[in-house]
Amino acid sequence: MADYLVSHYGFKLMEHDLQVYANEAANLLIADQEALTLDWLDGKFSPEYYLFLSRHRSESGTPTLTCHTTGNFSDSNEMGGKPRELAYAYPSLQKHYMKVLWNDRSRIPDYQLVIEATHHGPTSLAKPTLFVEIGSTEKQWKDQNAVSAVCDAVMKTIRDLKKYSNIGIGLGGTHYPSKFTELLINSDFALASVASKHSLPYVDRSMLGQMVSKSVEDVKYVLLDWKGLGKEKDRLSEMVSDLGLEVVKV
């Protein structure tokens, strides 16, 4: 993806030591470490947001184009970031990217287009983070058709980002929450953090507070995948009713 951006979008090398490139719209850093551990970026950059271009891996090997916010709901931080800390989210950024990619899906008919629930690091950056990924095996990572579609969608998003006002947080569903993906593409809702059913046992009032406060756009809704809440349904329903936000069941 970095090679494509450099060759097609006029990125010029600005700093050799860090491999920093730039064009009129963005800086491009080619990092020599795992993206999950890039918690030091604030010491070097001060952008509006951080957009990470990354590989996606899954056991199924299904060709997939994903994006997601970052954060750890549990006490585990084996995949970077701090335990029980969510990164800042930029809901309009994620929604606009997904809509741009969806509108160009004829270029990538063999790929699933989905968001993922919030997971892994980095979690402590001062600006919002969004991971944009191509998966799920080396075959897809090298697919220049997918690379070009994703990078073109990224640059369209950066250059013409549309803001949305119906901002929510998402609770429930699988790691690949299809209902929330559909909402992003086909409704007026945009999403900050999303907690899958596997993370719900760790969602207490403190984590709910982070889901709301760590959005750079005001959260007005709590979106519940009603059938995807499992045994946490009653506990979470009571908890979200105290937030003063409109609850929407999907």
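Residues numbered from 1 in each chain as written. Predicted model: local features only at pLDDT ≥ 70, side-chain atom pairs only at ≥ 80, totals over all residues. Heavy atoms only, no water.

**A closer look at the overall build of the protein chain**
The condition is simple: A run of DSSP states H or I qualifies as a helix once it reaches four residues; a run of E qualifies as a strand once it reaches two. Both are numbered from the N-terminal end. The contact rule is simple, with two residues in contact once any of their heavy atoms fall within 4.5 Å. The accessible surface values rely on the Shrake-Rupley method and a 1.4 Å probe; as for residues, cover is taken only from the protein chains in view. Under this rule, positive means Lys or Arg and negative means Asp or Glu; His and the chain ends count for nothing. Lysine's charge is taken at NZ, arginine's at CZ, aspartate's at CG and glutamate's at CD.
The secondary structure content of the protein chain amounts to seven helices and 13 strands. Its C-alpha atoms give the protein chain principal-axis dimensions of roughly 55 × 40 × 35 Å. For the protein chain, restricting intrachain contacts to residue pairs at least 6 apart in sequence, the fraction spanning at least 24 positions comes to 76%. Of the roughly 11800 Å² of accessible surface on the protein chain, a fraction of 47% belongs to carbon and sulfur atoms. In the protein chain, 27 side chains carry a positive charge and 32 a negative one; their mean positions are 4 Å apart.

**A short note on the sheet that holds strand β8 (residues 112-115)**
Put simply, the rule reads: Between any two strands, at least two bridges found by DSSP are needed for them to pair. To obtain an axis, a line is fitted to C-alpha atoms, over the contacting stretch when the element is a helix, and the angle between two such axes runs from 0 to 180 degrees between their N-to-C directions.
Strand order in the open sheet formed by four strands is β4-β9-β5-β8, with mixed pairing between adjacent strands. Since the sheet does not close on itself, it has two edges, and those belong to β4 (50-57) and β8, each with one partner. Adjacent strand axes in the sheet meet at a mean angle of 20° when their direction is disregarded. Pairing geometry for strand β5 (residues 64-68) and strand β9 (residues 129-136), over five bridges, is antiparallel. Counterpart to Cys67 in the pairing with β9 is Val132. Along the sheet, helix α4 (residues 144-159) makes contact with β4, β5 and β9, crossing β9 at roughly 165°.

**What about unusual backbone geometry?**
As a rule of thumb, non-glycine residues mostly have phi less than zero, and peptide bonds are mostly trans rather than cis. The linkage connecting Gly121 with the following residue, Pro122, adopts the cis geometry, with an omega of -5°. As for its placement among the helices and strands, Pro122 is situated in the loop between β8 and β9. A cis amide bond, omega 20°, links Gly135 with the succeeding residue Ser136. Relative to the assigned elements, Ser136 resides in strand β9. One non-glycine residue with positive phi stands out, namely Gln19, at about 55°.

**What to know about the pattern of salt bridges**
Heads up, the condition is: By convention in these notes, a salt bridge is any Lys or Arg side-chain nitrogen within 4 Å of a carboxyl oxygen on Asp or Glu. Relative accessibility thresholds used throughout: buried, under 20% of the residue-type maximum; exposed, over 50%; partly exposed, between the two (1.4 Å probe, protein chains only).
Under the definition given, this model contains nine salt bridges. One salt bridge connects Asp204 with Arg84, and the closest N-O pair in it is separated by 2.7 Å. Taken together, the residues span a long stretch of sequence, with Asp204 in the loop between β11 (189-195) and α6 (205-213) and Arg84 in the loop between β6 (71-72) and β7 (85-86) at a distance of 120 residues. Relative accessible area serves as the criterion here: at 25%, Arg84 is assigned to the partly exposed category. Note that Glu232 and Arg235 form a salt bridge whose closest N and O atoms lie 2.7 Å from each other. With relative accessibility at 31%, the residue Arg235 sits in the partly exposed group. The structure contains a network of salt bridges with shared partners spanning Asp104, Arg107 and Asp152.

Distances and angles like these do not, on their own, reveal function.
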